[in-house]
Number of protein chains: 4
Amino acid sequence: MIILLKRNVERSKVDELLRRIHAMNVQTQEVHGVQESIIGLIGDTSAIDPEDFKSIDIVAKVKRIQEPYKKANRKFHPDDTIIDVCGRKIGGGHFQVIAGPCSVESREQMISVADSVKASGAGLMRGGAFKPRTSPYAFQGLREEGLQLLLEAKKHSGMPIVTEIMDKSHLPLFDDVDIIQVGARNMQNFELLKALGKVNKPILLKRGLSSTLDELIMSAEYIMAGGNENIIFCERGIRTFETATRNTLDLSAIPILKQRTHLPVIVDPSHAAGIRSLVEPLSMAAIAVGADGLIIEVHNDPAHALCDGAQSLTPDSFDETMQKVKKTVEFFGKTMD
Amino acid sequence: MIILLKRNVERSKVDELLRRIHAMNVQTQEVHGVQESIIGLIGDTSAIDPEDFKSIDIVAKVKRIQEPYKKANRKFHPDDTIIDVCGRKIGGGHFQVIAGPCSVESREQMISVADSVKASGAGLMRGGAFKPRTSPYAFQGLREEGLQLLLEAKKHSGMPIVTEIMDKSHLPLFDDVDIIQVGARNMQNFELLKALGKVNKPILLKRGLSSTLDELIMSAEYIMAGGNENIIFCERGIRTFETATRNTLDLSAIPILKQRTHLPVIVDPSHAAGIRSLVEPLSMAAIAVGADGLIIEVHNDPAHALCDGAQSLTPDSFDETMQKVKKTVEFFGKTMD
Amino acid sequence: MIILLKRNVERSKVDELLRRIHAMNVQTQEVHGVQESIIGLIGDTSAIDPEDFKSIDIVAKVKRIQEPYKKANRKFHPDDTIIDVCGRKIGGGHFQVIAGPCSVESREQMISVADSVKASGAGLMRGGAFKPRTSPYAFQGLREEGLQLLLEAKKHSGMPIVTEIMDKSHLPLFDDVDIIQVGARNMQNFELLKALGKVNKPILLKRGLSSTLDELIMSAEYIMAGGNENIIFCERGIRTFETATRNTLDLSAIPILKQRTHLPVIVDPSHAAGIRSLVEPLSMAAIAVGADGLIIEVHNDPAHALCDGAQSLTPDSFDETMQKVKKTVEFFGKTMD
Amino acid sequence: MIILLKRNVERSKVDELLRRIHAMNVQTQEVHGVQESIIGLIGDTSAIDPEDFKSIDIVAKVKRIQEPYKKANRKFHPDDTIIDVCGRKIGGGHFQVIAGPCSVESREQMISVADSVKASGAGLMRGGAFKPRTSPYAFQGLREEGLQLLLEAKKHSGMPIVTEIMDKSHLPLFDDVDIIQVGARNMQNFELLKALGKVNKPILLKRGLSSTLDELIMSAEYIMAGGNENIIFCERGIRTFETATRNTLDLSAIPILKQRTHLPVIVDPSHAAGIRSLVEPLSMAAIAVGADGLIIEVHNDPAHALCDGAQSLTPDSFDETMQKVKKTVEFFGKTMD
């Protein structure tokens, strides 16, 4: 961290600032230019918020140099983390497709979709039991009953399941879930993240609608700081001025996250675009840019889906897309096992 | 709601769509143009998500015409809602200033700040006990102990207190809090909103960093649908590309919210700008644009604040600002009682 | 400017970098920490682009410390610039209202609007002769003929006129225009800015839809570097995700621009909101936050305006707003002379 | 276009509105619901701005249904446009790579880069002679001299050249240029677009930093309305809140532009990311998502480049990337001829 001082400040005030910094167990080094003086902070500054210094009257600017994350940082863990979910591997050259409906609606639906996405080559199944909806009057998911139907589909198909948690008080219900998803709106629900740090299960952490990549990594750091290092990032589009797509899929996020951290990253083309016809081209692009997996909405009857039908593939169109996904994953040197 | 059909669609498919709409207890009316056909939905469409229709192959576009909110809607409640907190009124011509530190740090701090902001004319006191922080390594607030210190400051000063809740499981701790604040990151924590719908206390609902005004209103609707209609909106800046300020304060939000709803709206100039010198001019602008109150950070020693010192006023500068606030509120025809 | 070096770099490469920097007539100072080394650049770095150093393999980060603008910088010109247009002063405590239609449409319209806005207290008149329109099929303005009608209205009313230029080749047509406006879409039309640097007339420089304040200041610097230091900034809203208003008016821009530069700043509430009912509250907020003027659309018949009728005031509603503007300007200590 | 009327409006006002619409040579159809009435406009509404109706007091909302572009619209030109530049084809299954330095700096540089990018498989050469720079003090390009050096490199290598125009007055200098580039900052320089409509040359139209896809298409429509239908779109990143990359590359734009128009679309990964290490993964993603080409910055000595060195590839790293580009283009079924 670098602190730039204002011009012509009193020495006594600089000394007081230095004492304050040293009290944080951080060393300092001063540089005095013709017009400017700089204090460099040397040591572990991850617990220091640069904002803390901005209120001091002799300080002009504060710049963080080192990344504020440790456990997620690739510098300290150069090898890719590989998440193993019941034998399905994600990361480190292993690619997985997670498929299923936006909402769990009925036993027949789940069994039917499970059979078809498994046949098409999906490795894991998704389905929403607790649904975050903008309106209190919209369908809120089948909740506990939905989780039961998901677990039945898991038993039937043998596919591990991924589903979203909306509140830490629901955690006991998620005992048999294989991957717990944190949705975009809860990416900075810090009490939930702390609770997930105590869980021994992979967490699929979706990027918030207006979260920077550094904030996303810090949310992973919250979970990891609690002891659970099994994090999978999910890029699902950010909110911008463009209205042609529901969100703007930020595929640059994938190489950036992989440079900065050792964690796997998957892409959700269905929610990003909100348009069925974009799911396949964005899936191809996600594989090409280096993603470790895809999460795709598939519904046996999109026209009658209780939410997000507009972006759901039918089992048939998912099957066609999967033929291309398999070839493309292989072309780019990854394996789907 | 209006559904625009694609060109040259089969009549049987249109009939099927009409049956499906009628099953939602909504009437329809068709218009057939030379090239386009439109179905108008007549009745209460608040439980219908326009996305539900976009997946149907004969549908080209869907547009919502009526607002999806009822309880917050000014159309059905033309009079301003006035929130009364221990005799301090907010809304309907009544203006309040809420002041205090970002974080509760110590008894001395709270007593000292309470005395000074009360003397300067603040009507309510704020202070964070549970603190949402981007980094797990940063100070997380004094939590339960912080709430106790707030309640002591309330007892000492007689000022009602406002503080943030971060998880619905903490609700029992908030029994003696006067206004419960929902922070920007939790604006769409729907499980929390539902729980607050069962509480008999005013809720200060802050706008999310990338939330539209309609989403903010829908979050109020979540709380109101549960039975608690005491909502105060808070505009605190949105996330944009501009980096000169921490967030971009959207003052147009105040007249828009007041046109669309009957609820009071206050402004947080401290968090919006993140810069001490902008707190006063933005406070003046907030009063001028029609806000019903301000929430301002005041710290007895900003240079040693444990968070957000850069935007905190000292008691002295807050006092100067309050002299202008009082005159300006009066100039614009509101009362601070 | 500060250059942070990567860890463990070869001394010979650092020396080569130092030689390269010295060749730019800039001094350097080195700081060596335990893990990091920093080179501080001392001197005039305004012609240096920080990007230039980012491609060098030993460089980790580059941060600019000093502002890259000189002529606009308040540090070097502490006093407010006051622009005098035929006796109407803008800046330094002087406030002006510029009013008129979006587009010049006819002689009758211009004379009628000129008479009414003058009577209401506007100091200058605006009107678009060259109109930037998103569609090539939309009305493009009366162009040369429109300029003539503006000049007739000026002759008739005695009010100085403000109108937009869209291409530097049109400059000869603007000889009798009093203030030349650069629209948001041309804020970074650098060839136009350079040409305006050679003109001896005030320039009203509107902020681009997605321009940072520093970019806006640099565009002023383009004009000032050419010799024309008569710049008036105009905040007119930025593009964000919010769709309730056409743009998001960024009123924090006013105190920021005034802290960083010595130039006057006015606000365009009409284009920012795109909604008639927001013009008055946003005008009040603009005065309160410290703006030096307003530019407001007024049309004698908004329902038949050839563009932007939705945001135009009628002469009557403008007159009502002006009564409040005058009192509010006085309340905040400025004069309209 | 659909006009939604307010409730309980007078019949005489509706009739007046209908007369006004009919005067625009557009037919109407009315629908009367229980609470709402709608007027549908039938016919060519491309010259009508929906804003025009918003100022009318009986109008509640106006929604455009049909796209406002005609010449660019795929509905009326179902086949892909193929641009042929001296035998290099772009679009309709043909893929081209345009490579070269950000700025033209010297004859040696241009000959050297031309030789190497041609050997690596680039089909066209780029280089900036007129450079848009944020600061007036930064290098502005070699201008006319730069164009000469580009033309020499063309003569030497046989590769067609692409270079940016910044003002319509420079057009005569571009007679021997093969593709004229309109930069992001000039995407809505409508006077320039009109001038380019009279030119018989392909135009590479870059998306503005905060332009929607519909605005980009309308800018193409400006050129096409003038008679020049040879447009190539270029997605080069949009401005968002994320700072990890210089801009956010919006790859969803490619399938959307291809659905809505018949024009080819290329991608500029160098400017989008501003980071050398992202050029290759984003190039792969661009091919996978369906782009018709790439424009990549290559500099023989990025560390000494006069602008944008941080994102330039060296000839060697470009050669490596091109080996992958060729295989990937072939894998996705396009040809580079």
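Position numbers for residues count from 1 along each chain, tracking the sequence in the order it is written. Each chain gets a letter, beginning with A, and each ligand a number, beginning with 1, in the order they are written. Under the rules for a predicted model, residues below a pLDDT of 70 receive no local features and side-chain atom pairs below 80 are neither given nor counted, while totals for whole chains, interfaces and linings still include all residues. The side-chain values count all of the structure's non-hydrogen atoms but skip hydrogen atoms and water molecules.

This part is about the side chain of Glu297(A). All names here are of chain A. Secondary structure follows DSSP: runs of H or I at least 4 residues long count as helices, runs of E at least 2 residues long count as strands, and numbering of each begins at the N terminus. Relative to the helices and strands, Glu297 resides in strand 14 (residues 293-297). This buried residue, Glu297, is left without a salt bridge; Arg126 holds the nearest opposite charge, at 4.4 Å. By the criterion applied in these results, polar contacts are pairs of N or O atoms within 3.5 Å in which, for protein atoms, one can donate a hydrogen and the other can accept it, and in which residues neighboring in sequence qualify only through two side-chain atoms. A distance of 2.9 Å separates the side chain of Glu297 from the side chain of Gln311, its partner in a polar contact. Setting aside chain neighbours within four positions, we find Glu297 in contact with Gly100, Cys102, Arg126, Ser270, His271, Asp308, Gln311, Ser312 and Leu313. Between buried and exposed lies partly exposed: a residue is buried under 20% and exposed over 50% of the maximum accessible area for its type, with that area taken using a 1.4 Å probe on protein chains only. Charge assignment: positive for Lys and Arg, negative for Asp and Glu; neither His nor the chain ends contribute. Whenever Lys or Arg places a side-chain nitrogen within 4 Å of a carboxyl oxygen from Asp or Glu, that contact is recorded as a salt bridge. Contacts are assigned to residue pairs with any non-hydrogen atoms lying within 4.5 Å of each other.

Moving on: the interface of chain A and chain C. The interface of chain A with chain C comprises 20 residues on the first partner and 20 residues on the second. Defined here as a combined quantity, buried area equals the accessible surface (1.4 Å probe) lost by two parts on assembly, summed across both. For the pair chain A and chain C, the summed buried surface comes to about 1900 Å²; carbon and sulfur atoms form 63% of the total. By the criterion of area lost to chain C, the three top residues of chain A are Val31(A), Ile65(A) and Phe241(A), representing 24% of everything that side buries. The tally of links from chain A across to chain C stands at zero salt bridges. Linking chain A with chain C are zero residue pairs in polar contact (both at pLDDT 80 or more).

It is worth spelling out the relation of the copies chain A and chain C at this point. Of the transformation placing chain A onto chain C, the axial shift is 0.0 Å and the rotation is 180 degrees, giving an RMSD of 0.0 Å. Such a combination of turn and shift is consistent with a two-fold rotation axis. For chain A, the smallest separation between a C-alpha atom and the rotation axis is recorded for Phe241(A), amounting to 2.2 Å. Taken together, the interface assignments show that 100% of the residues at the interface of chain A recur at the interface of chain C, consistent with an identical surface on both copies. The copies were overlaid by least squares, fitting only the C-alpha atoms of residues that reach a pLDDT of 70 or more in each copy.

With that settled, the discussion passes to the relation of the copies chain B and chain A. You can overlay chain B on chain A at an RMSD of 0.0 Å; the transform is a turn of 180 degrees with a shift of 0.0 Å along its axis. Comparing interface residues between copies, 100% of those in chain B also sit at the interface in chain A, which points to an isologous, same-surface contact.

Helix-helix packing is described using two parameters, namely the angle between the two axes and the distance between the axes. All names here are of chain D. Axis angles are defined between N-to-C directions and span 0 to 180 degrees, where every axis is a line fitted to C-alpha atoms and, for a helix, only to the segment in contact. Running from N to C, helix 9 (residues 276-289) and helix 10 (residues 315-331) cross one another at 15 degrees; their axes reach a closest spacing of 10 Å. For the element pair helix 9 / helix 10, the angle class is roughly parallel. Considering only the axes of helix 9 and helix 10, their crossing is right-handed. Residues Glu280, Met284 and Ile287 of helix 9 touch helix 10, and the partners they reach there are Thr321, Lys324, Val325, Thr328 and Val329. Working rule for angles: under 35 degrees goes down as roughly parallel, over 145 as roughly antiparallel, 65 to 115 as roughly perpendicular, anything else as oblique. Whether a crossing is left-handed or right-handed is set by the direction in which the near helix is turned from the far one by less than a right angle, anticlockwise for left-handed and clockwise for right-handed.

Moving on to unusual backbone geometry. Although it is not a glycine, Cys86(B) sits at a positive phi angle of roughly 50 degrees. As for its position among the elements, Cys86(B) is in the loop between strand 5 (83-85) and strand 6 (88-90). A positive phi angle is found at Asn25(D), which is not glycine, with a value near 65 degrees. Residue classification places Asn25(D) among the exposed positions, given a relative accessible area of 70%.

A word on the packing of aromatic side chains. In summary, the pairing rule links any two rings of Phe, Tyr or Trp, Trp by its six-membered ring, whose centres are within 6.5 Å, and it sorts them by plane angle into stacked for under 30 degrees, edge-to-face for over 60 and tilted for everything else. On inspection of all chains with the given rule, the structure shows 14 aromatic pairs over all chains. Ring centres of Phe331(A) and Phe332(A) lie 5.0 Å apart, and the angle between their planes is 90 degrees; on these two criteria the pair is classed as edge-to-face. Phe331(A) gets classed as partly exposed once you look at its relative accessible area, which sits at 31%. Ring centres of Phe130(D) and Phe174(D) lie 6.1 Å apart, and the angle between their planes is 25 degrees; this geometry places the pair in the stacked category. Taken as a pair, Phe130(D) in the loop between strand 8 (124-126) and helix 4 (144-157) and Phe174(D) in the loop between strand 9 (161-165) and strand 10 (179-182) lie far apart in primary sequence, 44 residues in all. Of the two residues, Phe130(D) and Phe174(D), both sit in the buried class. Look at NZ for Lys and CZ for Arg. If either is within 6 Å of the ring centre and within 35 degrees of the ring normal, a charge sits over the ring. Lys70(A) extends its terminal NZ or CZ atom over the ring of Tyr137(B), reaching a point 4.5 Å from the ring centre.

It is worth spelling out the domain arrangement of chain A at this point. Many authors give the size of an interface as the accessible area that is lost as the parts come together. Where each domain begins and ends is defined by an automated method or by a domain database. Along its sequence, chain A is carved into domain 1 (2-63) and domain 2 (83-336). The centre of domain 1 of chain A, based on its C-alpha atoms, is set 43 Å off from the matching centre of domain 2 of chain A.

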